[in-house]
Amino acid sequence: DDAFDVRRVPERPLVELANALMPPRDWVQQELTKREIKRQFWRFIFTVRHASTLRYVARIRELCHNNHQSLYVSFDDLAEHVPALAALLVDAPRAVLALLDDVLRAYIKRNWPDYVP
């Protein structure tokens, strides 16, 4: 199973990884970078709160219950909580969005196995 599991990813700050000497679109294709992007996004989902509610967990729950397909993530939230990830999203949007999608799919599959978009 290729599902993303945050517990299996050692922590490496994106800022440290950002010191790579290659263009961002190439850098985000590196396996270590991919894992760190996923780990940072996973942490973001379970960190951002609105009042006492985990904002993105609630949005994912709503998405699944209403059988929707898209999760709206505020770029401002991302830039505030994980600025290096926000910068990478600007520099290599397709590659980064695919990784964020992997994280969401794994979480949804684990928690809503009957969900079909």
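Located above this text is the structure these notes cover.
Residues numbered from 1 in each chain as written. Predicted model: local features only at pLDDT ≥ 70, side-chain atom pairs only at ≥ 80, totals over all residues. Heavy atoms only, no water.

Asks: Which parts of the structure should I look at to understand the packing of aromatic side chains?
Replies: The final tally for this structure, using the stated rule, is 6 aromatic pairs. On the basis of an interplanar angle of 45 degrees and a centroid distance of 5.1 Å, the ring pair of W42 and F46 is categorised as tilted. The exposure class assigned to F46 is partly exposed, which follows from its relative accessible area of 31%. The rings of W42, F46, Y107 and W112 are connected pair by pair, giving a single aromatic cluster. (Phe/Tyr/Trp six-rings, centres within 6.5 Å; stacked < 30°, edge-to-face > 60°. Buried < 20%, exposed > 50% of the residue type's maximum accessible area, 1.4 Å probe, protein only.)

Asks: Explain the packing of helix α4 (residues 55–65) against helix α7 (residues 93–111) to me, please; I cannot follow it from the model alone.
Replies: Each pair of packed helices can be summarised by the angle the axes make with each other and by the distance between the axes. Taken N-terminus to C-terminus, the directions of α4 and α7 make an angle of 65 degrees; their axes are 11 Å apart at the nearest point. When the interaxial angle is binned, α4 and α7 end up roughly perpendicular. Classified by chirality, the crossing of α7 by α4 is right-handed. Residues V57, I60, L63 and C64 of α4 form the contact with α7, whose participating residues are L104, Y107 and I108. The class makeup of the residues in the contact of α4 with α7 is 7 nonpolar, no polar and no charged. (Axes fitted to C-alpha atoms, helices over the stretch in contact; angles between N-to-C directions. Helix = DSSP H or I, 4+ residues; strand = E, 2+ residues; numbered from the N terminus. Parallel < 35°, antiparallel > 145°, perpendicular 65-115°, else oblique. Left-handed = near helix turned anticlockwise from the far one by under 90°. Contact = heavy atoms within 4.5 Å. Nonpolar A, V, L, I, M, F, W, Y, C, P; charged D, E, K, R; others polar.)

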